[in-house]
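# Understanding the architecture of this molecule
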Amino acid sequence: MTEPAQTAQPLSAQELRTIFADHGLRTTRQREAVYQALCACHSHPSADELMALVRSIDPDISQATIYNTLEALVECGLAKRIPSPTSGGACMYDANTGEHVHLVLDDGQVMDVPMDLSKKILDAVPKSVLEELAARTGIELRGINIELVGQRT
Ligand SMILES: [Zn+2]
């Protein structure tokens, strides 16, 4: 399976088609534009922020298309929806679907902790505690979301 690239390089049309096909998603010009914009964005944009970005390239794309495309990307596993760190704020979207840690700043900005450090943090969570939690609650754990909070110094 071709994994989405987490680089600043835009994906080629062929790479996009392969990624979409691997995830069972039909390729359309609008879906390509939305996914390309989300991948290029290293922040975690809301649907409206993403719409502004996509419209700078394709002014005719509708709000419904943006929202429907984001839903389709989340459903097929090409993007993740993150709840807003500020109460009442809009959901944010992340093209980085690998397990990684988020750093939430006081202004509501959500940054990715670099993958090597994310891995160190996630690996440090004791497996025995996760097993104890699963045994005690009867809930099968599927993953870990860790959100750190901080402010710029
Ligand atoms: Zn992220």
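Residues numbered from 1 in each chain as written. Predicted model: local features only at pLDDT ≥ 70, side-chain atom pairs only at ≥ 80, totals over all residues.

A few words on the overall build of the protein chain. Each helix and strand counted, the protein chain has six helices and five strands in total. Going from the N terminus to the C terminus, the protein chain shows its helices and strands as α-α-α-α-β-β-β-β-α-α-β. Dimensions of the protein chain, computed from C-alpha atoms along their principal axes, come out at roughly 50 × 40 × 30 Å. The buried share among the 153 residues of the protein chain stands at 20%. Long-range pairs, those at least 24 residues apart, make up 43% of the contacts in the protein chain with a sequence separation of at least 6. (Helix = DSSP H or I, 4+ residues; strand = E, 2+ residues; numbered from the N terminus. Buried ≥ 20, exposed ≤ 12 C-beta atoms within 10 Å, placed from the backbone. Contact = placed C-beta atoms within 7 Å.)

The domain boundaries assigned to the protein chain delineate domain 1 (1-96) and domain 2 (99-153). Averaged C-alpha coordinates put domain 1 and domain 2 at centres separated by 23 Å. With eight residues of domain 1 in contact, the opposing surface of domain 2 contributes six residues. (Domains from an automatic or database assignment.)

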